Amino acid sequence: MTAIPAWKHLGLALFFVPFVVGCNSNQASKRSIRAATPQAMAMDSPAAKPIKSTKTPAHNHPVVIINGRSASHNKAAVTISNNEVNVARKRCGLSTLSDDLELENMAINHANYINHVYANAAPTVFNAHFQNKISTIAHVTGASNPFFSGDGIKKRLLTAKYSKASYDVSENVAQSIHFNSFGNIVAPDIATRSMTKSLLAAPYHLRALMKPNLSLLGSSMAAYKPFSKDANTYQGYVLVNYTTATPATKNTTVNGVFTYPCQDVKGTVTALYNETPNPFKTKRNLQTNPIGQPIYINIPSAKSMKIKQVSFYDVARDREVPIQILDASQDPYKNTIYELPANEAFILPLTDHLKSCERKSTKNTNCGLYGNSDYRVSFDVLIDNKRLVNKSFTFTTGNVNY
């Protein structure tokens, strides 16, 4: 008998990443990948507004031909994405995730659905978490799409008769578009690594990937040629990921104060260029004013916490980076599906004046934190208004992401 899903546990994270590859030189085409628009969403209602998601595993997938356009599932890229998540989890004390064939098959089908839309239309309104019919692109959405399997994640889980649907199932989707006038399109493994690292810098995605009780994952990486674009200079990628808990892990937690990044995490992105929902009350334009790698804080055993005395210190340059706290007391999404619990928070580094960009060709001066640099983070946390604990660690950024 199929279990009835506990829908309140469903989580969706949408991440649209238009990667722009520099066309001034071949070197730029290899290095300058920009995770421009992370959009995330954690929800339990099919009435949500348009969005998109993330991830993939290590089996051989068939090449799917969609109207003459190739949408391939890349085994190496999927392995890289899964490994990035598992390395991040293990480094900070969480269990790694095992491949789940049922989830993988769902991810493959949903990635193909999204690919079919973008390979055959240029939608102005499309939520990549949903397979509902959209009147302006009815020929590629809903049941007209050959990969249709259910309007939302709830129905797709039921359609697939997923055996663990009653546990904590999350869906992440990442989409990227790459352009290079020389035709030197970014390889899927490079795009996948960048997309995954950017998810780990997007607060609402980061939370979904760092749940202590997660045990299984299933992912798919697919490629497509964007509709009405030059196939020689444009390349699109979609990464779909499902994660879930199991009976053995559903109550798994962590002791003390959990953070990501944590001590000795290396190679984070330098900047977050977008996320939906926007983590700022002011609706800060992250595209033009990105922030640095956020610090996620979670104390599962606490009912509440208060972050104090924060230091976000640039070791090499001997300077403090300004920060902003995002917690339950100043949550822009209180009483919504995005609401932060009282025992979770983020430290958001404000990098407006750092001038961290290294490439002369960029018009921006703010590229988040400096690349390949150590940052020492320390803070006091008041737990349940009773106990004050100090936390301190150092992490290292990777190359500047544009």
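Residues numbered from 1 in each chain as written. Predicted model: local features only at pLDDT ≥ 70, side-chain atom pairs only at ≥ 80, totals over all residues. Heavy atoms only, no water.

(A) Up close: the side chain of H110. Along the chain, H110 turns up in helix α3 (residues 101-120). Once residues lying within four places of it in the same chain are set aside, the contact partners of H110 are A128, H129, Q131, R156, E171, V173, V240 and Y242. (Helix = DSSP H or I, 4+ residues; strand = E, 2+ residues; numbered from the N terminus. Contact = heavy atoms within 4.5 Å.)

(B) Representation of the pattern of salt bridges within the structure. Counting across every chain of the model gives 9 salt bridges. Of the charged contacts in the structure, one is a salt bridge between D100 and K164, with a shortest N-O distance of 4.0 Å. Taken together, the residues span a long stretch of sequence, with D100 in the loop between β4 (98-99) and α3 and K164 in the loop between α4 (153-160) and β5 (170-179) at a distance of 64 residues. Of the charged contacts, one joins D352 and R284 as a salt bridge, the two residues approaching to 2.9 Å between their closest N and O atoms. Separated by 68 residues along the polypeptide, D352 in the loop between β14 (344-349) and β15 (374-383) and R284 in the loop between β9 (266-268) and β10 (295-298) bring together distant segments of the chain. A relative accessible area of 26% places D352 in the partly exposed class. Shared partners join several salt bridges into a network, and the residues in it are E84, R193 and K197. (Salt bridge = Lys/Arg side-chain N within 4 Å of Asp/Glu carboxyl O. Buried < 20%, exposed > 50% of the residue type's maximum accessible area, 1.4 Å probe, protein only.)

(C) Fine view of the pairing of strand β7 (residues 234-244). Counting buried positions along β7 gives 10 out of 11 residues, so the element sits mostly inside the fold. Across 9 bridges, strand β6 (residues 216-224) lies against β7 in antiparallel orientation. Its bridge partner lying in β7, M221 is registered against L239. (Pairing = 2+ DSSP bridges.)

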